[in-house]
Amino acid sequence: MRAAYSSFRHGAAVVAGLLLAGEALAVPAPGYDLILAGGRVIDPDSGRDEIADIAIKDGRIAAISTASLGGGRRLDARNMVVAPGFIDLHAHGQDPVAERLQLLDGVTTAIDMEIGTLPVADLHARMRGKALINFGASASHICARLQVLSAKSCAQSGPHQVAADPAMLAKSADPTQERQIADLMDRDVKAGALGYGLGIEYVPGAGRREIFRIFQAAGKTGAPVFTHVRSRPLDKASGVPIAVVQEVIADAATTGASLQIVHIASTGLGDVPTLLELVKGAQAHGIDITTEAYPYTAGSTAIGSSFFSDGWEQRNGVSYEAVQWPATGERLTQATFERYRKEQPDAAVIIHVIPSDIVDLAVTDPVVSIASDGVPWTTSGEHPRGAGTFARVLGVYVRDRKLLDLKTAIAKMTIMPARRLEKISPQMARKGRLAVGADADITVFDPAKIKDSATFEKPMQASVGIRYVLVGGTLMARDGRVIDGQFPGQAIRSGLAQP
Ligand SMILES: [Zn+2]
């Protein structure tokens, strides 16, 4: 299935964008719509790393050449790195505010694969013609469960489904309901959802058989399961949190489902080295399993969610003072924690819980891709990961601390996530790459200046050092400013969907 690109519209949009940005323009020569000239083109998929021009036509890359290309409007990319646009497979903020900050962080495709939504058609309808960047979602287990167990829908839940209807989340499903839940998710994958989104920790009522049924469905459709694993058992002897990761690996092995375990650093904490052994061991034995991380020492979730069910302090080795309230920045006490949990269960809090050496290990390990886990901006004080994840990896991990080389870091945010979805979505086979015929989703940044600006104290700040961001050939951001009035973002759909 091909995305419906209109070459005329895209060409016109580029011109409009440049004029809006106040450019003095020559009349474009016929040929290419745009040429990114003289940048260091890094394409981890092919291994290309050289100074070259990239020409764009009709939303796609039309030529890449070490000789200067003519016949189109030129954007100067000298001294810049030209990379495929960053792909974030874990973006909960599917709204204009989140999109702007992500765009300014170099992200051209942002998909919520962890929690997802249902029906996905609602998301597509809401975003159609209004999206700055490409978007999509997995089929949500929580939404399917709401429908089957409570006869409600996710249209009625708040921004964080994980705190929606605690009674439903705690209830167990009977065998018939388990099949109905899997069937509903399956139907949505066939309607365009990109996989099966499971936040098992948030659904304490979901038994192992309920989860296994969903993996069985995934094994049949070929769409991947993305999962936040079950809550770690309190009983140390059962192997915290190894057992809960073994559950989903066993389900993948026995069903043939593809699996991505999300945010391995916040899931594993001190056990990340062992979890990575599990992931690599499973890969070595033919299981299609991947994982991801964000580059921060704090996690975030809704204060009313099951993450904070009894025993959360023992499970995570921290207490109230590790929890930060975004609206004020205050660290909580037992009293304020209990009050906020009761009064505003949907509000996302920040939990300072991940050791810095664990973050470093996860971000730099070759099997771990980068994903933000950015949450919707409802108070302006949410976790900075929704604004700074990608620039932070390139600025802190590559340039300042030299823990990653540039090409490897770019691979973690482009070709690795593209490959994760391209088996189910042919659209993704044209993303995450700089190659002739690929979509012109391109991020151009200054490797000496790229830097995240979002902090835990002031999270809603755009990254700096990104010169241009192109989405489907349309120049969408330039020097830290969004070029308004253009909406090139496309829905990314599973290939099982009827066009
Ligand atoms: Zn999660």
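Residues numbered from 1 in each chain as written. Predicted model: local features only at pLDDT ≥ 70, side-chain atom pairs only at ≥ 80, totals over all residues. Heavy atoms only, no water.

For the protein chain, the name recorded in an unreviewed UniProt entry is D-glutamate deacylase, with Sphingomonas bisphenolicum as its organism.

Caption draft 1: Broad picture of the state of the cysteines. What the rule picks out here adds up to one disulfide. Paired through a disulfide, Cys 143 and Cys 154 show a sulfur-sulfur distance of 2.0 Å. Across the S-S bond linking Cys 143 and Cys 154, the dihedral sits near -95°, which makes this disulfide left-handed. Of this pair, Cys 143 sits in helix α4 (residues 141-150) while Cys 154 sits in the loop between α4 and α5 (166-170); the two residues are 11 residues apart in sequence, bridging distant segments of the chain. Cys 143 gets classed as buried once you look at its relative accessible area, which sits at 1%. Relative accessible area serves as the criterion here: at 11%, Cys 154 is assigned to the buried category. (Disulfide = S-S within 2.5 Å. Helix = DSSP H or I, 4+ residues; strand = E, 2+ residues; numbered from the N terminus. Buried < 20%, exposed > 50% of the residue type's maximum accessible area, 1.4 Å probe, protein only.)

Caption draft 2: Expanded view of the nonpolar core. Grouped together as the largest cluster of nonpolar side chains are 134 residues, with contacts concentrated most on Leu 103, Met 185, Tyr 196, Phe 215, Leu 394, Leu 421 and Phe 445. Core analysis: the second largest hydrophobic core is formed by 21 residues, Val 41, Met 80, Leu 434 and Ala 438 among them. (Core = buried A, V, L, I, M, F, W, Y, C linked by side-chain atoms within 4.5 Å.)

Caption draft 3: Fine view of the side chain of Glu 210. With respect to the helices and strands, the residue Glu 210 is situated in helix α7 (residues 208-221). With relative accessibility at 1%, the residue Glu 210 sits in the buried group. For Glu 210, the side chain forms a polar contact with the side chain of His 141, separated by 2.7 Å. Among all residues touching Glu 210, those that are not within four sequence positions of it are His 141, Arg 145, Ala 173, Glu 178, Ile 181 and Gly 205. (Polar contact = N/O pair within 3.5 Å; in protein donor to acceptor, adjacent residues only side chain to side chain. Contact = heavy atoms within 4.5 Å.)

Caption draft 4: Molecular detail of the coordination of the zinc ion. Distances from the zinc ion to its protein donors, Glu 114 (OE), His 228 (ND1) and His 263 (NE2), fall at 1.8 to 2.3 Å. Here the donor residues of the zinc ion share one chain and are spaced in sequence as E-x113-H-x34-H. With a gap of 35 residues between them, His 228 in strand β10 (residues 225-228) and His 263 in the loop between β11 (259-261) and α9 (264-268) connect regions that are remote in the sequence. His 263 shares its class with His 228; the two are buried. (Donors = N, O, S within 2.8 Å, 3.2 Å for Na, K, Ca; no water.)

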